[in-house]
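Take a look at the letters that make up each chain.
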Amino acid sequence: MSLILAQIIAELPAELRGNDQTKITRLAALEDADGQSLSFLAQPKYLAQMQSTQAGCVIVSPAYADSAAARGACIITPEPYLYFAKVTQLWKRSHARPAVDAQAHIHSSAIVSPQAHIHPSARIGALCVIEAGASIGADTILKARVTLSEDCHVGARCIVHSGVVIGADGFGFAMRSDGSGEKIEQLGAVRIGDDVEIGANTCIDRGALSDTQIADGVKIDNLVQIGHNVRIGAHTAIAGCVGIAGSATVGAYCFLGGGAIVLGHLIVADRVNISAASVVTRSIAKSGQYSGVFPLDDNASWEKNAATLRQLYRLRERIKILERSRT
Amino acid sequence: MSLILAQIIAELPAELRGNDQTKITRLAALEDADGQSLSFLAQPKYLAQMQSTQAGCVIVSPAYADSAAARGACIITPEPYLYFAKVTQLWKRSHARPAVDAQAHIHSSAIVSPQAHIHPSARIGALCVIEAGASIGADTILKARVTLSEDCHVGARCIVHSGVVIGADGFGFAMRSDGSGEKIEQLGAVRIGDDVEIGANTCIDRGALSDTQIADGVKIDNLVQIGHNVRIGAHTAIAGCVGIAGSATVGAYCFLGGGAIVLGHLIVADRVNISAASVVTRSIAKSGQYSGVFPLDDNASWEKNAATLRQLYRLRERIKILERSRT
Amino acid sequence: MSLILAQIIAELPAELRGNDQTKITRLAALEDADGQSLSFLAQPKYLAQMQSTQAGCVIVSPAYADSAAARGACIITPEPYLYFAKVTQLWKRSHARPAVDAQAHIHSSAIVSPQAHIHPSARIGALCVIEAGASIGADTILKARVTLSEDCHVGARCIVHSGVVIGADGFGFAMRSDGSGEKIEQLGAVRIGDDVEIGANTCIDRGALSDTQIADGVKIDNLVQIGHNVRIGAHTAIAGCVGIAGSATVGAYCFLGGGAIVLGHLIVADRVNISAASVVTRSIAKSGQYSGVFPLDDNASWEKNAATLRQLYRLRERIKILERSRT
């Protein structure tokens with residue numbers, strides 16, 4: 001597997017300094033690179049690593065062009081990390097295995113309802129289940145073992161990873177007088193926009209009355225739970241193990257860190273960044289970074305502090321008394 | 001898709017005020033309703049919404065009958081939300097697609113052991129795996145891609161959503177002297193009662209020596225982990241992303257909020273309500289609401305408070321000194 | 001299903017006191033045992049239970065041999081719990097159902113690429129998907145419905161439970177100037193060592209440039225998320241619902257409690273023990289037990305303390321003022 005720099009530049013135009021016949025056999029981080037590696041400088045803090053890297057070529061922004069050229073070949077582009085992302089795509093395209101059945105856009109083992117609507121350019125992996133009324137847009141890829149339930153829609157150019165379940169029933173019950181639960185049938189569906197990626201074993205529930213909605217460009221990692229009636233705004237990214245409870249609305253361009261929990265019926269504004277493992281217990285109206293994590297400590301210190309925490313309110317009262325007695 | 005009010009009342013007897021020929025084309029929340037929508041007033045706090053809704057008909061309790069009738073048709077019933085739940089079921093029954101293969105109760109793609117015992121009225125979805133010795137009760141539905149492992153039992157009228165794994169091995173190892181783990185074979189199974197619902201991609205492990213037990217009427221949301229030997233009491237509800245470690249016992253009529261964690265070997269009494277994302281670190285003997293979540297804050301405030309939290313025990317000591325010096 | 005003690009001793013040599021013709025029909029904990037049960041004393045704190053157990057035979061260490069023999073048959077071995085683990089394995093081997101198709105090591109419903117490399121002694125369960133370039137070592141078992149993606153490797157004697165996804169794309173995007181994400185193709189794979197066990201519906205993502213690596217003897221529970229480029233050291237155990245973010249390195253012989261989160265790019269040393277539901281927000285260089293969990297409390301107390309926690313930094317300032325005014 002290799003490309004020469006000239007091939008890369010031909011596909012992804014940018015200024016190259018150095019020998020365009022340099023052979024690239026792998027893409028690598030600066031510290032892992034060898035003489036046949038293409039690497040990148042995405043953040044100034046890695047400048048020293050760039051200067052000492054063994055990489056055959058480094059992708060840099062104009063500000064670092066001279067510094068990079070001093071050590072070897074470099075590709076100069078305003079956004080090195082974005083350029084690098086496109087190189088990974090080129091690399092994958094150039095080195096993909098010839099498909100065993102390149103014509104088959106729907107794997108023969110998939111169970112597809114005759115009442116589903118699948119764009120001819122979409123690809124459905126092995127052992128997927130596509131139920132009646134479901135629809136899938138152009139160039140979307142469902143990897144193996146995905147469930148797309150009745151009447152749910154996935155847009156164009158989406159990637160849905162293995163084990164995803166779209167359109168299971170939301171968690172809705174009316175309590176009977178004896179404390180047992182009467183099922184509320186979930187009559188809505190799921191609507192997913194274009195350019196959405198959904199990680200392995202993630203679940204997106206169908207709406208109770210109207211549809212659960214995932215807007216264009218949303219990126220969702222693995223093992224994420226999205227409850228019924230949730231709405232996620234465009235280009236929001238959701239890291240692994242996040243849970244978003246029913247009827248919550250998350251704005252556009254948000255980031256939810258891994259393991260974060262958003263309670264039901266809350267509204268989170270656009271461009272809100274929730275730190276990993278934080279719990280959103282109230283609506284957030286203002287863009288910004290929000291956190292709420294108990295700091296990690298050695299166990300003995302944690303035990304002392306956690307025990308004291310259970311008296312914190314009383315400690316405040318004691319401080320008040322001290323303050324009063326001082327005056 | 002539509003029903004007239006007379007049809008609804010015929011199926012679900014209740015007092016109707018207004019024109020029983022009113023056509024209902026959808027079920028909707030009060031604020032989303034239009035003139036052909038049936039809606040409901042479940043809580044008094046939505047009274048103003050009820051008075052201004054566009055709904056063609058509203059389900060209300062007797063206390064709000066006059067107020068509802070003043071604006072249009074209404075159905076009067078002691079428990080409006082419960083009645084609404086039954087309407088969702090009627091709606092689904094009335095509008096279900098004619099099944100392509102209504103006779104086939106076991107999808108042809110399911111892999112079912114000849115040594116499994118499946119009630120003739122149960123339905124097994126596409127690409128399920130039912131192993132030897134497993135049994136499934138009357139009218140239970142397994143959606144697509146469910147695994148039911150050897151000797152595990154699911155009762156009657158259960159719904160098991162896509163991707164669920166029942167009866168994988170519990171996490172049990174004996175440590176060898178070199179620190180590596182010797183597998184403890186999990187010789188128990190899983191016993192699930194009647195009227196249980198299990199959400200997508202949830203896992204319930206088989207017991208080590210005896211069975212993991214889920215009692216009647218338990219409702220479990222998506223991506224929940226239930227360890228080996230756990231016992232869940234009747235009609236307990238477990239929201240998404242909950243983890244219950246091995247050998248924990250949770251009582252009846254409990255509610256575990258989303259993302260909550262219950263440590264192993266603990267005992268939680270009946271009618272205990274655990275707030276979302278809280279960690280149950282000790283047994284709970286008394287019914288009530290329990291919480292333990294770090295409050296969300298803007299990141300700068302959180303950082304200051306979290307840093308101080310790591311000195312909390314020492315702060316308490318300083319308060320003690322101040323108190324002593326005052327006297 | 002039964003074995004006599006003589007059969008057990010023949011397979012797993014150890015000193016037996018008592019009648020070697022005693023029939024054992026089940027393995028059981030001390031408090032659940034009956035006269036035909038084999039039980040074990042793993043920890044001294046259960047000594048009283050051992051003395052009063054109904055078990056037909058108890059596995060004990062030499063220190064408790066006399067005490068055990070005073071009440072009935074006993075097996076004496078330096079590590080009773082390890083011996084018991086081996087008895088569970090013997091029990092399972094002795095009582096396994098005759099396989100319907102003992103010859104078939106790859107279930108006929110599995111979708112296996114002709115370009116995959118599967119050791120002849122490995123077993124592939126129903127409805128698994130094994131992609132091109134994937135490889136599986138000797139005596140490894142994939143239960144039903146496992147996905148092993150392109151070029152990923154699972155070593156020898158591993159057990160991979162139902163619903164596991166190995167080798168889905170890591171969560172990697174470069175941000176475009178408009179805030180949308182450009183996919184970074186994940187060009188690495190996953191390499192899993194020997195004697196690894198992976199729980200149901202767990203996900204292990206493929207690396208971005210190099211491989212995600214799980215060393216020999218690692219034990220992973222259900223619904224665990226392991227991000228791209230993560231490295232887990234040998235014999236580390238990871239409980240259910242843990243999330244390990246991209247490029248984190250966890251040492252050998254660690255234990256991560258259920259629901260713990262490890263942030264990206266951190267390094268955790270060998271023999272670190274993270275308490276359940278704790279969040280690892282910084283690298284840990286030193287072996288030990290670490291915790292960070294908000295203590296559970298009744299909801300009213302929690303509310304007061306949590307509200308005060310948001311003023312904790314200011315409380316510290318007030319204490320400082322009091323201290324200054326005292327002098």
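Read on for an overview of the structure. Just so we're clear, the structure is a prediction, and the values are computed from it rather than from any experiment. Throughout, residues of each chain are indexed from 1 in the direction in which the sequence is written. All chains are assigned letters beginning with A, and all ligands numbers beginning with 1, in the order in which they are written. In keeping with the model being predicted, local features are shown solely for residues with a pLDDT of at least 70 and side-chain atom pairs are shown and tallied solely at 80 or more, while totals for entire chains, interfaces and linings include all residues. Only heavy atoms go into the side-chain values, all of them from the structure, while hydrogens and water stay out.

**A short note on the overall build of chain A**
Helix and strand assignments follow DSSP, with helices taken as H or I runs no shorter than four residues and strands as E runs no shorter than two, numbered in order from the N terminus. Each helix and strand in chain A was counted, giving six helices and 36 strands. Here the C-alpha radius of gyration of chain A, 26 Å, is well above what a compact globule of 327 residues would show, namely 20 Å. Put simply, chain A has 327 residues, and 57% of those count as buried. Here a residue-residue contact requires only that any non-hydrogen atoms of the pair lie within 4.5 Å. Nonlocal contacts in chain A, meaning residues at least 24 apart in sequence, comprise 19% of its contacts between residues at least 6 apart. Computed with a 1.4 Å probe, the accessible areas rest on the Shrake-Rupley method; for each residue, only the protein chains presented here act as cover. Total accessible area on chain A is roughly 12,600 Å²; 50% of this is exposed by carbon and sulfur atoms. Side-chain charges of chain A comprise 30 positive and 30 negative groups, with the mean position of each set lying 7 Å from the other. Restricting the calculation to C-alpha atoms gives the radius of gyration, and the globule rule supplies 2.2 Å times the number of residues raised to the power 0.38. Each residue's exposure class comes from its accessible area (1.4 Å probe, protein chains only) as a fraction of the maximum for that residue type: buried when under 20%, exposed when over 50%, partly exposed otherwise. For the purpose of counting charges, residues Lys and Arg are taken to be positive, whereas Asp and Glu are taken to be negative. His and the chain ends are not included. Here the site of a charge means NZ on Lys, CZ on Arg, CG on Asp, or CD on Glu.

**Description of the relation of the copies chain A and chain C**
Copy-to-copy alignment: least squares on C-alpha atoms, limited to residues at pLDDT 70 or above in both. For the pair chain A and chain C, the best superposition has an RMSD of 0.0 Å and corresponds to a rotation of 120° with a translation of 0.0 Å parallel to the axis. With respect to symmetry, the two chain copies, as superposed, fit the operation of a three-fold axis. No C-alpha of chain A lies nearer the rotation axis than that of phenylalanine 294 of chain A, which sits 3.5 Å from it.

**A closer look at the interface of chain A and chain B**
Listed as interface residues are 72 residues of chain A and, on the opposing side, 63 residues of chain B. The buried area of a pairing is the accessible area, by a 1.4 Å probe, that goes missing from both parts when the two are put together, added over both. Taking both partners together, chain A and chain B bury about 5,700 Å²; carbon and sulfur atoms supply 64% of that area. When a carboxyl oxygen of Asp or Glu lies within 4 Å of a side-chain nitrogen of Lys or Arg, that pair is called a salt bridge. The tally of links from chain A across to chain B stands at six salt bridges. Here aspartate 151 of chain A and arginine 97 of chain B are joined by a salt bridge, their closest N and O atoms 2.5 Å apart. Among the elements of the structure, β18 (173-175), β19 (181-183), β34 (279-280), β35 (288-291), α5 (299-309) and α6 (312-326) of chain A are those that each provide at least two residues to the side of chain A that touches chain B. The biggest single contributor to the side of chain A that touches chain B is α6 of chain A, with seven residues. Grouping the constituent residues of the side of chain A that touches chain B by class yields 36 nonpolar, 21 polar and 15 charged. Strands qualify as paired when DSSP identifies two bridges or more between them. Pairing geometry for β35 of chain A and strand β36 (residues 297-298) of chain B, over two bridges, is antiparallel. Opposite tyrosine 290 of chain A, over in β36 of chain B, you have aspartate 298 of chain B as the bridge partner. Here the term charged refers only to Asp, Glu, Lys and Arg, the term nonpolar to Ala, Val, Leu, Ile, Met, Phe, Trp, Tyr, Cys and Pro, and the term polar to all other amino acids, Gly among them.

**Side note on the sheet that holds strand β31 (residues 261-262) of chain B**
Residues and elements named next belong to chain B. The parallel open sheet is built from nine strands, whose spatial order is β8-β11-β14-β17-β22-β25-β28-β31-β34. Single-partner strands in this sheet number two, and they are β8 (111-112) and β34 (279-280). Relative to strand β22 (residues 203-204), strand β17 (residues 165-166) runs parallel, the two being bridged by two bridges. In the strand pairing of β22, valine 165 is matched with cysteine 203.

**A word on the interface of chain A and chain C**
Of the residues lining the interface, 63 residues belong to chain A; the matching set on chain C comes to 72 residues. For the chain A and chain C pair, buried surface summed over both sides reaches about 5,700 Å², with 64% attributable to carbon and sulfur atoms. Per-residue buried area on chain A facing chain C is highest for Arg97, Arg145 and Leu296 of chain A; these three make up 14% of the total on that side. On the surface where chain A and chain C come into contact, there are six salt bridges. Here glutamate 197 of chain A ties to lysine 183 of chain C by a salt bridge, and the two come within 2.8 Å at their closest N and O atoms. Each polar contact in these results corresponds to two N or O atoms within 3.5 Å; when the atoms are within protein, one needs to be able to donate a hydrogen and the other to accept it, and residues that are neighboring in sequence are counted only if both atoms are side-chain atoms. Across the contact surface, chain A and chain C share 27 residue pairs in polar contact (both at pLDDT 80 or more). Elements with a contribution of two residues or more to the side of chain A that touches chain C: α4 (80-95), β24 (219-220), β27 (237-238), β36 (297-298), α5 and α6 of chain A. Considering every element that reaches the side of chain A that touches chain C, the biggest residue donor is α4 of chain A, with nine residues. Partitioned by chemical class, the residues of the side of chain A that touches chain C number 34 nonpolar, 13 polar and 16 charged.

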